[in-house]
Amino acid sequence: MMAPPLLLCYQLGQLTAFYHALLADILGQGAALSRTVDGCRELAHRTFLEQLKAAGDRLLRSPPAPPADLSPPAQVSQAMQLLQEIMAAHEGSLQAAASTPPQQQQQPAADGSDSSASAAAAESGA
């Protein structure tokens, strides 16, 4: 069986971590679905770390000879490109989390009236 690409493992780990947090908030940590998604998150994270370590070990075990012009070997350039893609995916997930506005809960008015109607009137300038 072929191992999934490293970037895909990272993205799956991030996605399942998001859904685990969401489901744990809604259903609770002990819910079967929440535990299952958490197991998927752990598996994706473990697979990502194992593949990352294996790639580093391959470079350490048989380092490529430097080219005559002393530019980085192709294997090193590929590893740096992959790390750059992982960092971009991580940055994208952070930006998405930061741009999501917190949910505003509607508070009932002190006089018992509907606060959403009065808030809408205030926003429209009435």
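Conventions used here
- Each residue is numbered by its place in its chain's sequence as written, counting from 1.
- Whole-chain, interface and lining totals are the exception, using all residues; otherwise, since this is a predicted model, local features are given only for residues with pLDDT of at least 70 and side-chain atom pairs are given and counted only at 80 or more.
- To obtain the side-chain values, all non-hydrogen atoms of the structure were included, while hydrogens and water were left out.
- Elements are defined by DSSP. Helices are runs of H or I of four residues or more, strands are runs of E of two residues or more, and each kind is numbered from the N terminus.
- Burial classification: accessible surface area is computed with a 1.4 Å probe over protein chains only, and a residue below 20% of its type maximum counts as buried, one above 50% as exposed, and the rest as partly exposed.
- Note on contacts: a residue pair qualifies if any of its non-hydrogen atoms lie within 4.5 Å across the two residues.
- The accessible surface values rely on the Shrake-Rupley method and a 1.4 Å probe; as for residues, cover is taken only from the protein chains in view.
- Patches here are clusters of residues that have more than 30% relative accessible area and form no salt bridge, with a 9 Å joining cutoff for like charges and a 5 Å cutoff for nonpolar side chains (Val, Leu, Ile, Met, Phe, Trp, Tyr).
- Every case where a carboxyl oxygen of Asp or Glu lies within 4 Å of a side-chain nitrogen of Lys or Arg is listed as a salt bridge.
- Only the contacting stretch of a helix is used when fitting its axis, a line to C-alpha atoms as for every element, and angles between N-to-C directions run 0 to 180 degrees.
- Throughout, the term roughly parallel applies to angles under 35 degrees, roughly antiparallel to angles over 145, roughly perpendicular to angles from 65 to 115, and oblique to all others.
- Note on convention: near helix rotated counterclockwise from far helix by under a right angle means a left-handed crossing. Clockwise means right-handed.
- Basically, the charged four are Asp, Glu, Lys and Arg, the nonpolar ten are Ala, Val, Leu, Ile, Met, Phe, Trp, Tyr, Cys and Pro, and anything else, Gly included, counts as polar.

This part is about the overall build of the protein. From N to C terminus, the protein includes 4 helices and 0 strands. Its helices and strands taken in sequence order, the protein reads α-α-α-α from the N to the C terminus. Counting across all 126 residues of the protein, residues that qualify as buried make up 16%. A sequence separation of at least 24 residues applies to 56% of the contacts in the protein between residues at least 6 apart. Looking at the protein as shown, the accessible area adds up to about 9,600 Å², and 62% of this sits on carbon and sulfur atoms.

Once that is clear, we can look at a nonpolar patch on the surface. Taken together, the side chains of Leu-8, Leu-12, Leu-15, Phe-18, Tyr-19, Leu-22, Ile-26, Leu-27 and Leu-33 define a hydrophobic patch exposed on the protein surface, amounting to about 850 Å² of accessible area. Top contributing element to the nonpolar patch by residue count: helix 1 (residues 6–27), with 8 residues. Along the polypeptide, Leu-22 turns up in helix 1.

Put simply, helix 1 and helix 2 (residues 32–61) touch, their axes get as near as 8 Å, and they point 155° apart. It follows from the interaxial angle that helix 1 and helix 2 lie roughly antiparallel. In the packing of helix 1 onto helix 2, the handedness of the crossing is left-handed. Between helix 1, through Leu-6, Cys-9, Tyr-10, Leu-12, Gly-13, Thr-16, Ala-17, Tyr-19, His-20, Leu-23, Ala-24 and Leu-27, and helix 2, the contact on the second element is made entirely by Leu-33, Ser-34, Val-37, Asp-38, Cys-40, Arg-41, Ala-44, Thr-47, Phe-48, Gln-51 and Leu-52. Looking at side-chain class alone, the contact of helix 1 with helix 2 contains 15 nonpolar, 6 polar and 2 charged residues.

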